[in-house]
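# Coordinates in review
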Amino acid sequence: MKTYKIFYMLLACWVVFGCSKSEDGGTLDGDNSPNPPETKADYTLLLKKEGMLTSSLLNAEAEEITLNPSESPFPDITFPQLTYTDGVLMGLYQKKTPCSGRIMAYDFKEDLSQEMEVFSDLGDCNLTANAIARSEDTFFVAYQLEVTSKATTYFVRLWDLNSEESEFIDVELDKKPVQMVIANNRLFILTLDEEITDEYSLSVMDTSTNLLIHEMDLGFDVRRIFKTPEKDIIISYDELHTTLDSATMSFEYTQYGENTEPNFTASDFDYFDKTGKMYYQMLPGSNSIYPLIPAVYDFNENLAVLYAFENFLTEAQRNVEFEIESTSMVSYDEENELILIGYEKSSGDSKGGLLRVKPLPNPEFIDNLDLDGIPIQIFVE
């Protein structure tokens, strides 16, 4: 197992963390040329407001961001129990009764939505949906059924989004499904053996045949799985992450040094830019007084940069002008080269805001937009 040097840097009070990598087997380049200041990007912003999922359209230039008065095509819905995003594709699941639910598939590029009532065939039951995923053509829900007080069965149910009929296929699992990710026409299912070992595994389904084709043990304390732009699957732990090639199933480990953990296990939504950097919410440790702060992790360089609010906003801005309580989302505007930071306000009442910040090497606060709702995800045209 190779071990690489661990880097520690402090650059203009913007904390940069490094880690070391060790390989077990079988990785983006980007264009850093500046964009002209007149380049524009339009945002579709999803917000949580009083138990609802709503949206707003924003107009954005390099120097200014404003609300677009047009009505967003994304429908207002009750806030879903489960959400899945893959690029411009989004899937949502809402529980309606103890044994029924509704799924919605949305395409932000085409502004198209599909809705379907699900699980009505099960009649009177005790069902829990644990995870969802969607591709362009298929919607997946991983769920469990409590047959008796001592017996529970586990399944992944899938629907063809191109079919006018609500036909489905159930694939049985032997362990509790926790999370799902789609890559290379394969469904990666994180499972947990609650009954015997309390260890995690990864089951892989071929989505062209709906057959389970691979399983690997992951041990204890897996936090989450997600996909990189290269379609690798990241399996994250507190002290390291595993990078799994979704095509060859080869993998490598990246071990973090002491106090250099990127801490992306707490993030609900992640955004990757064209160079492979991930934008996310981070547990700050001793680096900030806020419970979650913006961060950027470079998988190629194995470096994390912490954008703590204290480092680019004054105390008066944080506490009085913007009333920042915690980070609710982090993303990136490729066109204007700005980090987008959503936050919840300390005043409550489902209020929030959106900050735009220039990234390293010349970090700078650009502007803020107050919002009627807490931003949770943004889609940049």
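Presented here is a report on the structure given in the accompanying data block. (Residues numbered from 1 in each chain as written. Predicted model: local features only at pLDDT ≥ 70, side-chain atom pairs only at ≥ 80, totals over all residues. Heavy atoms only, no water.)

Further remarks concern the overall build of the protein chain. Each helix and strand counted, the protein chain has 1 helix and 31 strands in total. The proportion of buried residues among the 381 residues of the protein chain is 50%. When the accessible surface of the protein chain is summed, it comes to about 18100 Å², and 46% of that surface belongs to carbon and sulfur atoms. (Helix = DSSP H or I, 4+ residues; strand = E, 2+ residues; numbered from the N terminus. Buried < 20%, exposed > 50% of the residue type's maximum accessible area, 1.4 Å probe, protein only. Areas by Shrake-Rupley, 256 points an atom, 1.4 Å probe, with all protein chains shown as cover.)

Inspection of the entire model under this criterion finds 16 salt bridges. With a closest N to O distance of 3.5 Å, Lys175 and Asp174 form a salt bridge. According to the relative accessible area criterion, Asp174 is exposed, its value standing at 57%. The partner of Asp370 in a salt bridge is Lys345, and the shortest N-O contact between them spans 3.1 Å. With a gap of 25 residues between them, Asp370 in strand β30 (residues 364–371) and Lys345 in strand β28 (residues 338–345) connect regions that are remote in the sequence. A relative accessible area of 8% places Lys345 in the buried class. Counted as one network, the salt bridges with shared partners bring together Lys96, Arg102, Glu115 and Glu117. (Salt bridge = Lys/Arg side-chain N within 4 Å of Asp/Glu carboxyl O.)

Our focus in this paragraph is the pairing of strand β27 (residues 324–333). Counting buried positions over the 10 residues of β27 gives 9, a clear majority of the element. Pairing between β27 and β28: 8 bridges, direction antiparallel. Paired with Ile324 across the bridge in β28 is Lys345. In sequence, β27 turns back onto β28 through a hairpin of 4 residues, with Glu337 there showing a positive phi of about 55°. (Pairing = 2+ DSSP bridges.)

Okay, the state of the cysteines next. For the structure shown, the criterion picks out 1 disulfide. Here Cys99 engages in a disulfide with Cys125; their sulfurs sit 1.6 Å apart. On the sign convention where negative means left-handed, the S-S torsion of about 90° between Cys99 and Cys125 marks this disulfide as right-handed. Of this pair, Cys99 sits in the loop between β8 (89–97) and β9 (100–107) while Cys125 sits in the loop between β10 (112–118) and β11 (127–134), and the two are 26 residues apart along the sequence. Using a relative accessible area of 6% as the deciding quantity, one classes Cys99 as buried. (Disulfide = S-S within 2.5 Å.)

A grouping of Asp42, Glu110, Asp111, Glu136, Asp137, Asp160, Glu164, Glu165, Glu167 and Glu381 is seen on the molecular surface, where their side chains present a negatively charged patch. Positionally, Glu110 belongs in the loop between β9 and β10. (Patch = residues over 30% accessible without salt bridge, like charges linked within 9 Å, V, L, I, M, F, W, Y side chains within 5 Å. Lys, Arg positive; Asp, Glu negative; His and termini not counted. Charge placed at Lys NZ, Arg CZ, Asp CG, Glu CD.)

Now for unusual backbone geometry. Across the junction of Leu360 and Pro361, the peptide omega takes the value 15°, indicating a cis bond. Tracing the backbone through its elements, the reader meets Pro361 in the loop between β29 (352–358) and β30. Positive phi is not limited to glycine here, since Lys231 has a value of about 70°. Inspection of the secondary structure puts Lys231 in the loop between β19 (224–227) and β20 (232–236). For Asp349, which is not glycine, the phi dihedral falls at a positive 60°. With respect to the secondary-structure elements, Asp349 resides in the loop between β28 and β29.

Now for the nonpolar core. Residues Tyr93, Val156, Met180, Leu187 and Leu218 are the most contacted members of the largest nonpolar core, which totals 52 residues. Sort the elements by how many residues they give to this core and strand β12 (residues 138–148) lands first, with 6 residues. The contacts of Met180, once residues within four sequence positions are left out, are Tyr84, Ala131, Ile132, Ala133, Phe140, Val141, Ala142, Val156, Leu187, Phe188 and Ile189. (Core = buried A, V, L, I, M, F, W, Y, C linked by side-chain atoms within 4.5 Å. Contact = heavy atoms within 4.5 Å.)

Taken together, 4 strands build an open sheet; the order of strands is β27-β28-β29-β30 and the sheet is antiparallel. Looking at strand neighbours, the two that pair on one side only are β27 and β30, the edges of this open sheet. Here the strands of the sheet are splayed against their neighbours by 20° on average, with no regard to which way each runs. Note that β29 and β30 share 7 bridges and pair antiparallel. When the sheet's bridge partners are listed, Lys358 is paired in β30 with Glu364. (Axes fitted to C-alpha atoms, helices over the stretch in contact; angles between N-to-C directions.)

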